[in-house]
Amino acid sequence: MRVISELEFAEILLRTAHISEKDVQVYIDRLRRRLDESHGITFDMFCNFDKFLNNLNDFSIVIKLYTVAGHAISRDQFQRAVKACMGYNLDEHLLDTVFKLFDTDGDGCLSHEEFIVVMQHRVQRGFGGKRTGWEGFKACVRKQVRTQG
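All values reported here derive from a predicted model rather than from experimental measurement.

Rules of the game
- Residues numbered from 1 in each chain as written.
- Predicted model: local features only at pLDDT ≥ 70, side-chain atom pairs only at ≥ 80, totals over all residues.
- Heavy atoms only, no water.
- Axes fitted to C-alpha atoms, helices over the stretch in contact; angles between N-to-C directions.
- Helix = DSSP H or I, 4+ residues; strand = E, 2+ residues; numbered from the N terminus.
- Parallel < 35°, antiparallel > 145°, perpendicular 65-115°, else oblique.
- Left-handed = near helix turned anticlockwise from the far one by under 90°.
- Contact = heavy atoms within 4.5 Å.
- Nonpolar A, V, L, I, M, F, W, Y, C, P; charged D, E, K, R; others polar.
- Phe/Tyr/Trp six-rings, centres within 6.5 Å; stacked < 30°, edge-to-face > 60°.
- Buried < 20%, exposed > 50% of the residue type's maximum accessible area, 1.4 Å probe, protein only.

A. Quick peek at the packing of helix 1 (residues 6–15) against helix 3 (residues 43–54). Two numbers describe how helix 1 lies on helix 3: the axes approach to 13 Å, and their chain directions differ by 25 degrees. By the angle class used here, helix 1 and helix 3 are roughly parallel. In the crossing of helix 1 with helix 3, the sense of the turn from one axis to the other is right-handed. Across the interface between the two elements, Phe-9, Ile-12 and Leu-13 of helix 1 pack against Phe-46, Phe-49 and Leu-53 of helix 3. Across the contact of helix 1 with helix 3, the residue classes tally to six nonpolar, no polar and no charged.

This is the structure in structure tokens:
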């Protein structure tokens, strides 16, 4: 079974995030301090999380609503939102790793700023950030008009 460490997983996630190298190191150090023991992240776990990130828009709305209401999102709420958006649950160990990595204030919850802001930049910078829906359609038409005209 192919496995990467939790720290390698974090490095992959943060590699293209719109944060400084210094901040990347802060995230990595936080995860290193909070990890009790390493179980690793399997390829399937990583693929499921990557699919989730590539469909982050609906999930982002849920977290934004919690943040506007003055609440952060708990692990259970996070998992329920993933299930509603994707039709599957994330692996509990992977979810634990994500919370240990992104929960900056250590309250056991994630806010919009702690997770979505960082991950949206990652998606926009080449990890499945293709436009869909009306925006995607308009971009496709513009591209075709330019190449045909």
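Let us keep going from here.
B. Quick look at the packing of aromatic side chains. With the rule as written, the count across this model stands at 12 aromatic pairs. When the centroid spacing of 5.6 Å and the interplanar angle of 65 degrees are considered together, the rings of Phe-9 and Phe-49 count as edge-to-face. Separated by 40 residues along the polypeptide, Phe-9 in helix 1 and Phe-49 in helix 3 bring together distant segments of the chain. Residue classification places Phe-49 among the buried positions, given a relative accessible area of 1%. Both rings, one in Phe-52 and one in Phe-115, keep their centres 6.4 Å apart while their planes meet at 15 degrees; by these two values the pair is stacked.

C. Looking closely at the packing of helix 2 (residues 21–34) against helix 6 (residues 92–102). Interaxial distance between helix 2 and helix 6 falls to 7 Å at its minimum, and their mutual angle equals 125 degrees. As judged from the angle between their axes, helix 2 and helix 6 are oblique. Here helix 2 and helix 6 pass one another in a crossing that is right-handed. Facing Tyr-27, Arg-30, Leu-31 and Arg-34 of helix 2, the residues of helix 6 in contact are Thr-97, Phe-99, Lys-100, Leu-101 and Phe-102. When its residues are assigned to classes, the contact of helix 2 with helix 6 shows five nonpolar, one polar and three charged.

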